[in-house]
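Residue-level listing of the chains:
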Amino acid sequence: MPLIYEVNLHVDAAIAGEYHDWLARHIGEMLVLPGFTGARWFEVADPSAEGEVAFCCQYELADQAALDGYFRDHAERMRADGARRFEGRFRASRRVLRPLPPG
């Protein structure tokens, strides 16, 4: 069953443009990983803190096995790139969303 892997990012406004550009490339890199079938990203209209810009990335994955493979084989490397480039200037939270049938 397909699922959504959501990453919510709160970025220091002073680096928001640079982070945005990096994030666009990062999403492209995520989409070539096995089991990733699509992505949508958003700028959050009401960031939680002044001086921040917030983004929400929703990655579509084929199934739980694809997500497990990502966590096992790729997550550490993919997360480390952003942490290294923007250390202390952003924070991230993640969650997994599974679709429910209507009604």
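Described below are features of the structure shown in this document.

Overview of the pattern of salt bridges
Enumeration according to the criterion identifies six salt bridges in this entry. With a closest N to O distance of 2.6 Å, Glu6 and Arg95 form a salt bridge. Separated by 89 residues along the polypeptide, Glu6 in strand 1 (residues 3–12) and Arg95 in strand 4 (residues 90–97) bring together distant segments of the chain. Here Arg95 falls in the partly exposed class, since its relative accessible area comes to 47%. For Arg85, the salt bridge goes to Asp81, with nearest N and O atoms at 3.0 Å. Highlighted residues: Arg85 and Asp81, both in helix 3 (residues 75–85), separated by four residues, approximately one helical turn. The network of salt bridges with shared partners includes Asp81, Arg84 and Arg85.

Definitions and limits used
- Residues numbered from 1 in each chain as written.
- Predicted model: local features only at pLDDT ≥ 70, side-chain atom pairs only at ≥ 80, totals over all residues.
- Heavy atoms only, no water.
- Salt bridge = Lys/Arg side-chain N within 4 Å of Asp/Glu carboxyl O.
- Helix = DSSP H or I, 4+ residues; strand = E, 2+ residues; numbered from the N terminus.
- Buried < 20%, exposed > 50% of the residue type's maximum accessible area, 1.4 Å probe, protein only.

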